[in-house]
Amino acid sequence: YVASADRAKSIWPEATLQIWGHDHDGAYRQLPLDNPLIAFMLLMTPWGPTLWTHNVLMFGAVASVWAYNKLGDILTAIARILMLIPAMHYVDDYGAVETSQLAESSFHHFRSLNEVLGWIRKPSKAQEPKAKHKMQGVFVEFADNKVIVSPCKKRVRKLLAWVTKIRQKQWLPAEEAKT
C-alpha cells in the first residue's frame, strides 16, 4: 500500500489519497475442485477414524493457498487491465490506493466485478474509501504528503503477551511456532 501511494503521489503530487478494501467470504469454499478424489481428509472421532472428501479447496492446506492466490492474481489483473483499478491482494483481502476523485468509483466497480464473476464478499468487512484503514493487521493512513503505518494496539498486546509466555516457559510448541 505504501509503494502504491508513493506511485500515485509521483503521478498526482497534489492529490489526496484514499485506501479501500474488500474481503472474499469463505474464499476457499468458493473454489470447487475438478476432482474431489484428490482431496481426502482423515478425521479422528471417539468412534474411530472417518474418511472425508472435499468438493472445494481445503482450508489450511498449503496447496489451497497457492491455488487461491492464482485466483487473486487473475482478479486483480482483470481489475487493472480492463478497469484501470490499481487493485492488489493478499490471499483473499483486496484493496487499492486511489486519489479521492477516483476511490469511490474504484471501490464500487471492484465490488461489481466480483458480483459479475460470482464471487461472494463479506459485506461486513468492506472498507469504503478513507484516508485511514486497518489493512492486514496494521493501520495505513495518508496524511499530508506522508504515509503513516502503525500497528494495531490489540495485536501488539497479544503478541507481547505471547512472547512473555514463551520466555517464561522457555519453550515454543511446534504448532505455535507455525503461527
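In what follows, the accompanying structure is described. Position numbers for residues start from 1 in each chain and track the written sequence from start to end. The predicted nature of this model means local features are confined to residues of pLDDT at least 70 and side-chain atom pairs, given and counted, to a pLDDT of 80 or more, with totals for whole chains, interfaces and linings taken over all residues. Hydrogens are left out, water is left out, and the side-chain values use all remaining heavy atoms of the structure.

Considering the sheet that holds strand β6 (residues 127-130)
DSSP bridges decide pairing: two strands pair if at least two such bridges lie between them. The helix count covers DSSP runs of H or I at least four residues long, the strand count covers runs of E at least two residues long, and both are numbered beginning at the N terminus. Spatially, four strands are ordered β4-β5-β1-β6 in an open sheet, and the strand pairing comes out antiparallel. This sheet does not close on itself; its edge strands, each paired only once, are β4 (88-90) and β6. Between one strand and the next, the sheet's axes are offset by a mean angle of 20 degrees, whatever the strand orientation. As paired strands, β4 and strand β5 (residues 93-99) are joined by three bridges and run antiparallel to one another. Residue pairing in the sheet places Met88 in a bridge with Gly95 of β5. Each axis is a line fitted through C-alpha atoms, and for a helix only the stretch in contact is used; angles between axes span 0 to 180 degrees, taken between their N-to-C directions.

Regarding the side chain of Asn69
Mapped onto the fold, Asn69 is located in helix α2 (residues 62-83). Whenever two N or O atoms come within 3.5 Å, that pair is a polar contact, provided that in protein one can donate a hydrogen and the other can accept it, and provided that, for residues adjacent in sequence, both atoms are side-chain atoms. Within the local environment of Asn69, its side chain forms a polar contact with the backbone nitrogen of Val91, the two atoms lying 3.5 Å apart. The contacts of Asn69, once residues within four sequence positions are left out, are His89 and Val91. By definition in these notes, contact holds between two residues if any of their heavy atoms fall within 4.5 Å.

Examining the sheet that holds strand β7 (residues 132-135)
The sheet built from three strands is open, its strands ordered β7-β8-β9 with antiparallel pairing. Whereas interior strands pair on both sides, the edge strands pair on one side only; in this sheet they are β7 and β9 (146-151). On average, each strand axis in the sheet is tilted by 25 degrees relative to the strand beside it, whichever way the strands run. Summarising the sheet, strand β8 (residues 138-143) and β9 pair through six bridges and their orientation is antiparallel. Bridge pairing in β9 places Ala143 opposite Lys146.

A word on the side chain of His24
Mapping His24 onto the fold places it in the loop between β1 (17-23) and β2 (40-45). Accessibility here uses a 1.4 Å probe with only protein chains present; expressed as a share of the type maximum, an area under 20% marks a residue as buried, one over 50% as exposed, and anything in between as partly exposed. Relative accessible area serves as the criterion here: at 1%, His24 is assigned to the buried category. Within the structure, the side chain of His24 is placed 2.4 Å from the side chain of Tyr68, a separation counted as a polar contact. Apart from the residues lying within four places of it in its own chain, the contact partners of His24 are Gln30, Tyr68, Leu71, Leu75, Asp92, Tyr94, Asn114, Trp119, Ile120, Arg121 and Lys122.

Focus on the layout of surface pockets
The definitions used throughout rest on a 1 Å grid laid over the protein atoms alone, on which a cavity is an enclosed set of points accommodating a 1.4 Å probe that cannot get out and a pocket is an open set flanked by protein within 12 Å on both sides along at least five of seven lines; lining residues are those having an atom within 4 Å of a point. Grid points are joined across faces, edges and corners, and a volume is the space filled by probe spheres set on the points. Considered as a void within the structure, the largest pocket measures approximately 1,100 Å³ in volume. Around the largest pocket sit 34 residues that line it, and Asp93, Lys125, Gln136, Gly137 and Arg155 are the ones nearest its centre. Elements that contribute at least two residues to the lining of the largest pocket include exactly β1, β5, β7 and α4 (153-169). Broken down by element, the lining of the largest pocket gets its largest block of residues, five residues, from α4. Residues are grouped as follows: Ala, Val, Leu, Ile, Met, Phe, Trp, Tyr, Cys and Pro are nonpolar; Asp, Glu, Lys and Arg are charged; all remaining types, including Gly, are polar. By residue class, the composition of the lining of the largest pocket is 14 nonpolar, nine polar and eleven charged. Put simply, the second largest pocket is a space of about 300 Å³. Broken down by secondary-structure element, the contributors of at least two residues to the lining of the second largest pocket are α1 (2-11), β5 and α3 (100-117). Of the residues belonging to the lining of the second largest pocket, the class tally is nine nonpolar, five polar and two charged.

What to know about the packing of aromatic side chains
Stacked, tilted and edge-to-face are the three classes assigned to paired rings of Phe, Tyr and Trp, where Trp is represented by its six-membered ring and a pair needs centres within 6.5 Å; plane angles under 30 degrees give stacked, over 60 edge-to-face, the rest tilted. Under the counting rule described, the total for this entry stands at three aromatic pairs. With a centroid separation of 5.9 Å and an interplanar angle of 75 degrees, the aromatic rings of Trp20 and Phe107 are classed as edge-to-face. Separated by 87 residues along the polypeptide, Trp20 in strand β1 and Phe107 in helix α3 bring together distant segments of the chain. Like Trp20, the residue Phe107 is buried in the burial classification. Aromatic pair Trp20 and Phe110: ring centres 5.4 Å apart, planes at 45 degrees, arrangement tilted. Of this pair, Trp20 sits in strand β1 while Phe110 sits in helix α3, and the two are 90 residues apart along the sequence. A relative accessible area of 0% means that Phe110 is categorised as buried. An aromatic cluster is present here, built from Trp20, Tyr94, Phe107 and Phe110 joined pairwise through their rings. Sitting above the plane of the Phe139 ring, Lys132 keeps its charged end 5.1 Å from the centroid. Criterion for a charge above a ring: Lys NZ or Arg CZ within 6 Å of the ring centre, and within 35 degrees of the ring normal.

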